[in-house]
Every structure is written in structure tokens, then in C-alpha cells.
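Each chain, letter by letter, is given below.
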Amino acid sequence: MKEKLPFIIYIGIGAVLMAASLPHMDGYYGNMVFWVGFGTVCAESVQLFKYCWWRAPAHKDAYEAKRQEAHINAVDERKQFLRMKAGHIAYQIMLIVLFGVALVLALVKAPAWIILILFVLWIFQYIVGVVMFHHLEKRL
């Protein structure tokens, strides 16, 4: 029961959010809080179900095989390199996409604040990438 307690707490928080937003469902924020609570309840319910499913004695062997494979994948140097390379490629693609979307929005005369947000995200992602590179270079 101790392992299931965090799931139950988050389901309770989601239910409280849903209940607290019911009197304000006609407003934007009340509706938003309701759906955040609903999403929390659904996500935590699925996680609790998965936890109970894999902890059942009938699925113990499959769970142990899955855990062993996850452990091997976590410590395998080739897979670590592939994850880092995939992250680097995704970083480069997102830089190009953010810049391209901002450029297209500028060409179709979108509001300036939308374009500014995309350029700020582009700059933020670039700075985070450089900072993380230097941090990892010193650490590793």
C-alpha cells in the first residue's frame, strides 16, 4: 500500500481540482482547472493500473525481463551514445524549425508578439544547448 500512496494522493488532488472548479465551469479558468484535474486523475489512474498489473504474480516473470532489459539499455555505452546523438539531432532540427516558423510568420505578417516569442524560444534553446555542452564537457 505504501508504494501506491503517491498515485492515490495525486488522484485525490485531481479530484479536488475538478470539484473546486465545478462552480466556475462557465469561465475560462474554471474550465481549465477542471480539465487539468481530469487529466491528473486519468494519468495517475493509468499509472496505478500499470503498477498493479506489473506487480501481479502472474506477470512477475515478464516484469523482471522488462526491468533487466531496461537496466541493460541504461548502462550500454552504444545505446547511451545513440540517445545522445538522437538528442543532438532533435536539438538541431528544433532550432531550424523554430527559426523557420518565425520567418514564415513574419512573412505572413503575424502579430509581432508571436514572432518575438518564437525568436526568444530559439535564442533560449541555443543558449541552453551551449551551456549544457560546456557543463557536460567539464563534467565528463
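Overview of the structure. Residue numbers here run from 1 along each chain, matching the order of that chain's written sequence. Only residues with pLDDT of 70 or above have their local features reported here, since the model is predicted, and side-chain atom pairs are shown and tallied only from 80 upward, although totals for entire chains, interfaces and linings are computed over all residues. Side-chain numbers here rest on the full set of heavy atoms in the structure, without hydrogens or water.

**Observations concerning the overall build of the chain**
The numbering of helices and of strands both runs from the N terminus, where a helix is a DSSP run of H or I of at least 4 residues and a strand a run of E of at least 2. Each helix and strand counted, the chain has five helices and zero strands in total. Sequence-ordered secondary structure for the chain, helices as α and strands as β, is α-α-α-α-α. Each radius of gyration reported is based on C-alpha atoms, and the globular scaling rule is 2.2 Å times the count of residues to the power 0.38. A compact globule built from 140 residues would reach a C-alpha radius of gyration of about 14 Å, whereas the chain, at 22 Å, exceeds it by more than 25%. For the chain, the spread of C-alpha atoms along the principal axes amounts to about 60 × 55 × 25 Å. Looking at the chain alone, contacts between residues at least 24 apart form 42% of all its contacts between residues at least 6 apart. Accessible surface area values rest on a Shrake-Rupley calculation with a 1.4 Å probe, where residue burial reflects the displayed protein chains alone. Split by element, the accessible area of the chain, about 11,200 Å² in all, is 73% carbon and sulfur. We call two residues contacting when some pair of their heavy atoms lies within 4.5 Å.

**Some words on the state of the cysteines**
Only a pair of cysteine sulfur atoms within 2.5 Å qualifies as a disulfide here. By the definition in use, this model includes zero disulfides. In this structure Cys-52 is not part of a disulfide, and its nearest cysteine sulfur, from Cys-42, lies 16 Å away.

**Quick notes on the packing of aromatic side chains**
In summary, the pairing rule links any two rings of Phe, Tyr or Trp, Trp by its six-membered ring, whose centres are within 6.5 Å, and it sorts them by plane angle into stacked for under 30 degrees, edge-to-face for over 60 and tilted for everything else. Scanning all chains against the criterion turns up eight aromatic pairs. Considering the side-chain rings of Tyr-28 and Tyr-29, the 5.1 Å spacing of their centres and the 80° angle between planes classify their relative orientation as edge-to-face. Remark: exposure states derive from per-residue accessible area (1.4 Å probe, protein chains only) relative to the maximum for the residue type, with buried under 20%, exposed over 50%, and partly exposed in between. What makes Tyr-28 exposed here is its relative accessible area of 60%. Residues Trp-54 and Tyr-63 carry aromatic rings whose centres are separated by 6.3 Å and whose planes lie at 35° to one another, so their mutual orientation is tilted. Three or more aromatic residues joined by ring pairs make a cluster, and in this case those are Phe-34, Trp-35 and Phe-38.

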